[in-house]
Amino acid sequence: NVVRKPSLREKIFDSSIPPMHVTAQEYAEMLNQLKKRAFSRRNIPMHTVIDCEFGGGDFTPKGMMSLPAPMGFGNFGDLDLIRRSFAALGRQLKAIGIDWIHSPVVDVNVNRSNPEIYIRSYGENAKIVTDCARATVLGLNDSKVIGCLKHYPGRGGAARGEGARDDAFL
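By convention here, each chain's residues receive numbers from 1 onward along its written sequence. Local features are withheld for residues below a pLDDT of 70 in this predicted model, meaning they are given only at 70 or higher, and side-chain atom pairs are given and counted only at 80 or more; totals for whole chains, interfaces and linings count all residues. The basis for the side-chain values is all heavy atoms of the structure; hydrogens and waters are excluded.

Draft legend 1. Here's a closer look at the pattern of salt bridges. Definition used for salt bridges: Asp or Glu carboxyl oxygen within 4 Å of a side-chain nitrogen of Lys or Arg. Taken as a whole and judged by the stated rule, the model has 7 salt bridges. Across the pair Lys35 and Asp99 runs a salt bridge whose closest N-O atoms are separated by 3.6 Å. Here Asp99 lies in the loop between helix H3 (79-96) and strand S2 (100-101) and Lys35 lies in helix H1 (residues 24-42), a separation of 64 residues in the sequence. Here Lys35 and Asp99 have matching classes, each one buried. With a closest N to O distance of 2.7 Å, Lys127 and Asp131 form a salt bridge. Of the two residues, Lys127 and Asp131 both sit in helix H4 (residues 126-142), 4 residues apart, roughly one turn of that helix. Residues joined in a network through salt bridges with shared partners are Lys35, Lys94 and Asp99. Numbering goes from the N terminus for both helices and strands, where a helix is a DSSP run of H or I of at least four residues and a strand is a run of E of at least two. Residue exposure (1.4 Å probe, protein chains only): buried if accessible area is under 20% of the type maximum, exposed if over 50%, otherwise partly exposed.

Encoded structure:
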């Protein structure tokens, strides 16, 4: 692990270079600088998007709340708790400067041996997944963060991980 400040001019992608590890405050400072720059040059607001699920195994930056995995929320079944939890998470994301999140996962976990989706899904029942995903998006919306459902047509039935054929669930 490398601890270093992000560079505003950093454009290199090389999988051999470890990712930056910064606090939520450092990340917010960087995003604020980028947003000011973007707006000062073209008067166009910059919106930031993150692909993170919080609780589904993704890295959670220091200073950010950690949530239970979606499967835990789905098994518990408290839609109001899901909404309030994601509203709180959305407030943290907004404070950092993130406007949009690629989350929640709406795959129905129809294959128990699926190595990729597993606890990232709200469950094995389409109604439970739908209800929990709706509560998640409503909670994010409460804090003015856009939620984006993923994955289509779905990976919940795949028997392999990343790169499995999309029709593997048929």
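Draft legend 2. Molecular detail of the sheet that holds strand S3 (residues 146-147). Strand pairing requires that DSSP identify at least two bridges connecting the strands. Taken together, 3 strands build an open sheet; the order of strands is S1-S2-S3 and the sheet is parallel. Each edge of the open sheet is held by one strand with a lone partner, namely strand S1 (49-50) and S3. Sheet topology note: the S2/S3 ladder contains 2 bridges and is parallel. Counterpart to Ile101 in the pairing with S3 is Gly147.

Distances and angles like these do not, on their own, reveal function.
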